[in-house]
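Architecture and fold: a report
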Amino acid sequence: MRARLVVLGGLVAAACGDGGSTSPDAPPTDLPDAAAFDAPLSDAAPPDATPPDANSSVTVTIVTPTDGQRVLGSRVITVSGTLASTRPIADVVVDLGGVVAPDVTFDQTSFSAEVTLGDRWQSITVTATDAGGFPGTAFATVNYPFVALTTFAPAQLVLGQPDFVTRPDRAVDASSIPYPYGFGAWHDGVLYWPSSDHNRVLGWRGFPARANEPADFALGQPDLATSTIGSGAAGMDFPQSVVVADGKLFVLDWGGSRVLVWNTPPTTTGVAADYVIGQASLDATATGCTQALTNYPDDFFVAGGRVFVSDRENHRLLIWNTIPTASGVPPDVVLGQGDFTHCTANDDDQDGVTDAAPSARTLRDPIGVWSDGTRLALVDQSNHRVLVWNTVPTASFTPADVVLGQPDFTSATPGTAADALRSPSEVTSNGNQFVIGDGGNHRVLIWDQLPAPGTPPDVVLGQSDASHGAPNDDDQDGTEDATCSARTLRGFVSPHFTDRALIVSDIDNSRALVFGELPCAAGLYEPPGMPGTCLADPCQPDPCTGGQICRNDTGAAVCE
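Rules used throughout
- Residues numbered from 1 in each chain as written.
- Predicted model: local features only at pLDDT ≥ 70, side-chain atom pairs only at ≥ 80, totals over all residues.
- Heavy atoms only, no water.
- Helix = DSSP H or I, 4+ residues; strand = E, 2+ residues; numbered from the N terminus.
- Areas by Shrake-Rupley, 256 points an atom, 1.4 Å probe, with all protein chains shown as cover.
- Polar contact = N/O pair within 3.5 Å; in protein donor to acceptor, adjacent residues only side chain to side chain.
- Buried < 20%, exposed > 50% of the residue type's maximum accessible area, 1.4 Å probe, protein only.
- Pairing = 2+ DSSP bridges.
- Disulfide = S-S within 2.5 Å.
- Axes fitted to C-alpha atoms, helices over the stretch in contact; angles between N-to-C directions.
- pLDDT = per-residue confidence, 0-100.
- Contact = heavy atoms within 4.5 Å.
- Phe/Tyr/Trp six-rings, centres within 6.5 Å; stacked < 30°, edge-to-face > 60°.
- Salt bridge = Lys/Arg side-chain N within 4 Å of Asp/Glu carboxyl O.
- 1 Å grid on protein atoms, 1.4 Å probe; cavity = no way out; pocket = protein on both sides within 12 Å on 5 of 7 lines; lining within 4 Å.
- Points joined across faces, edges and corners; volume = space filled by probe spheres on them.
- Nonpolar A, V, L, I, M, F, W, Y, C, P; charged D, E, K, R; others polar.

Some remarks on the overall build of the protein chain
On a plain count of helices and strands, the protein chain comes out with zero helices and 39 strands. Of the roughly 20,600 Å² of accessible surface on the protein chain, 52% is carried by carbon and sulfur atoms.

Written out as structure tokens, the structure reads:
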């Protein structure tokens, strides 16, 4: 008798003999390629079991969750699916990373059980055994995005500085990131991070393993030793946030009032952008208050096939309902204003004069923006608040549904408390945790879910609690220290999630801090069900032979 083990992007279906199968949906794109092999299996029957006849067959199919699914919300999920067997099913076991579900309901055609997920990628194994002791097994992997963090925790790594206490600006070199205004992107084993004051974006092939690790390439400059202000397809002027979405790389080029787009994320120095959003062409740098132009936009995001640009100086948010594929495409929706020709702050009656108070649909210096394709969150900086739309608006001047940092939509008072904000700078989420960079209080506020108004944060970074707000205040005496530390922040802060970490641009300290666990370096792999583990030769058990299947550095499967 032979066994066949099939590995499909993290989903494994094992059949010993002729039975056992699974029907996966599309596997996650960040897992290795599919591979299959045959391996010998002992012909010995299980102890105290009736040897199966030649036609014995048990088929298990996991229907929910789907393989590679990102689970958002509750950690408690139902694992369910279908069963088929030539003999009666006697038992079904549902296993989550070595923890067996205590209560499994099954009949001869289906099963279900509740399991409680841990953090990040985890493996689910369902094994059904027939009356003769013959098994069938199906496997799936799921991802519960969550980074375990604690208040006032020190960072694990610093980028842009040689250590945690150095903060002066540095001359241009391969690792300096002075004033990294905005967040970066970790994609396909490459880290992109803005080096704003050096007019470039740095790229590391593989996550940096130590402080001051030199970057491998730069965008916006011809080499790693140049910092000239530029324009056109290959130049940059104070670039800010970086996003990878839909297979493209996007960079906000603040000085050019535009978003640069590469159709394929580059991994070498000096690669020119393919087109631009917010300008008529790659050579244009005009500003204005029109549908075609922006006025020094401060942040942007791409999600759900849409592009969101915070047009700060025009006190509005622009939305493209589809990602442009060429330069010069105008936006479809504007928030904060009634149309594309009004650009006054807090102007609810649209008379061109700033009102005495904000409203649920006005803005004053909008900057950080985030969306998951359904919800939309926007930092309304000078109103000291974050606005949330439960669904992405399709009509201009749509009022927000939720306000955070203020008691109501007409208040705009800065504060230092668990329910207050002072000149917030960024907002982000991994789908479960919700994060606000509260720049004026030199801190990052983290909730384990999208908070209701007034809900205190679960975690604070940069301060020991929500009542402190001084910069670089490691001893928490309310006065700035002479140096920064691994747990302090100064100025506007921009957080960004990876699967394993929260990376924070600590702008006035000219560095980025990595909190949580470092992403696996180049050539390493975090096996599903083993969060926090980076393996150089990641092997998984072969459920049929007791041997192993391993992935080499190319992502191919090999048998040992």
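On we go.
Re the side chain of S425
Tracing the sequence through the fold places S425 in the loop between β29 (402–404) and β30 (426–429). Of the polar contacts made by the side chain of S425, one reaches the backbone oxygen of V493; its length is 2.8 Å.

Some thoughts on the pairing of strand β28 (residues 385–389)
Burial runs high along β28: five of the five residues are buried. Judged by which residues are buried, β28 turns out to be covered on both faces: R385, L387 and W389 on one side and V386 and V388 on the other are all buried. Here strand β27 (residues 376–380) runs beside β28; their pairing, made up of five bridges, is antiparallel. Paired with L376 across the two strands is W389, which belongs to β28. Joining the antiparallel neighbours β27 and β28 is a turn of four residues, in which H384 adopts a positive phi near 55°. Note: β28 against β29, three bridges, orientation antiparallel. Within the sheet, the bridge partner assigned to V386 lies in β29 and is L404.

Here we look at the state of the cysteines
Tallied over the entire structure, the rule returns one disulfide. Residue pairing for C289: its cysteine sulfur links by disulfide to C343, the two sulfurs lying 1.8 Å apart. Taking the sign of the S-S torsion, 90° for the link of C289 and C343, the bridge is right-handed. Here C289, found in the loop between β21 (275–277) and β22 (299–303), pairs with C343, found in the loop between β25 (333–335) and β26 (366–371); they are 54 residues apart in sequence, far enough to count as distant. C343 gets classed as buried once you look at its relative accessible area, which sits at 15%.

Examining the pairing of strand β15 (residues 190–195)
Looking along a regular strand, one sees the side chains alternate between the two faces of the sheet. The buried count for β15 comes to six of six residues, which makes it a mostly enclosed element. Burial along β15 is two-sided: V190, Y192 and P194 and L191, W193 and S195, pointing in opposite directions, are all buried. Pairing of strand β14 (residues 185–187) with β15 involves three bridges; the strand directions are antiparallel. Residue pairing across strands places H187 opposite V190, the latter belonging to β15. The loop that links β14 with its antiparallel partner β15 comprises two residues; one of these, D188, has a positive phi angle of about 55°. Sheet analysis places β15 next to strand β16 (residues 200–205), joined by six bridges and oriented antiparallel. Note that in β16 the partner of V190 across the bridge is R205.

Some remarks on the sheet that holds β16
The sheet built from four strands is open, its strands ordered β14-β15-β16-β17 with antiparallel pairing. Each edge of the open sheet is held by one strand with a lone partner, namely β14 and β17 (217–219). Sheet twist, expressed as the average angle between the axes of neighbouring strands with direction ignored, equals 25°.

With respect to the confidence of the model for the protein chain
Across the protein chain, the average pLDDT comes to 88, with 84% of residues at 70 or higher. Across residues 542–546, where pLDDT falls below 50, the model places 16 contacts with residues more than four positions away in sequence or in other chains. Of the regions scoring below 50 in pLDDT, residues 548–560 engages in 39 contacts with residues more than four places distant in sequence or in other chains.

Things to note about the packing of aromatic side chains
Given two aromatic rings, one states the distance between the centres and the angle between the planes to describe the pair. Applying the stated criterion to the full structure yields nine aromatic pairs. Taken together, a centroid distance of 5.9 Å and an interplanar angle of 75° make the contact between Y192 and F217 edge-to-face. On the criterion of sequence distance, the pair formed by Y192 in strand β15 and F217 in strand β17 is long-range, its members being 25 residues apart. By relative accessible area, Y192 is classed as buried at 1%. Look at F217 and you get buried, because its relative accessible area is 0%. Within the aromatic cluster, the residues linked to one another by ring pairs are Y181, F238, W254, Y296 and F492.

Thoughts on the sheet that holds strand β34 (residues 493–497)
The four strands lie next to each other as β13-β36-β35-β34, forming an open sheet whose pairing is antiparallel. If you trace the sheet from one side to the other, it starts and ends with β13 (157–159) and β34, each paired once. Direction aside, neighbouring strands of the sheet carry axes that sit 20° apart on average. One ladder, built from three bridges, connects β13 with strand β36 (residues 511–516); its direction is antiparallel. Among the inter-strand pairings, L159 is bridged to a residue of β36, identified as A512.

A look at the pattern of salt bridges
This model, assessed by the stated rule, comprises 16 salt bridges. Through salt bridges with shared partners, one network takes in R120, R500 and E517.

Focus: the side chain of D506
In this structure, D506 sits in strand β35 (residues 501–506). Sequence-distant contacts of D506, that is, excluding residues within four places in its chain, are made with T488, L489, R490, F492, V493, R511, A512 and L513.

Section: empty space enclosed by the protein
Unoccupied space between atoms shows up once a probe the size of one water molecule is rolled over them. Applying the stated criterion to the full structure yields three cavities of 30 Å³ or more. Lining of the largest cavity is provided by 14 residues; of these, L404, G405, A418, D419 and W447 occupy positions nearest its centre. Quantified by volume, the second largest cavity comes out at close to 70 Å³. Residue lining of the second largest cavity: 13 residues in total, with Y181, D298, S425, E426 and S494 positioned closest to the centre. Of all the secondary-structure elements, those providing two or more residues to the lining of the second largest cavity are β18 (239–245) and β26. Across the lining of the second largest cavity, the residue classes tally to four nonpolar, six polar and three charged.

Comments concerning unusual backbone geometry
With an omega of -5°, the peptide bond running from T64 to P65 counts as cis. Mapping P65 onto the fold places it in the loop between β4 (58–64) and β5 (69–70). Positive phi is not limited to glycine here, since N199 has a value of about 55°. For N199, the location among the structural elements is in the loop between β15 and β16. Phi is positive for N212, close to 65°, though the residue is something other than glycine.

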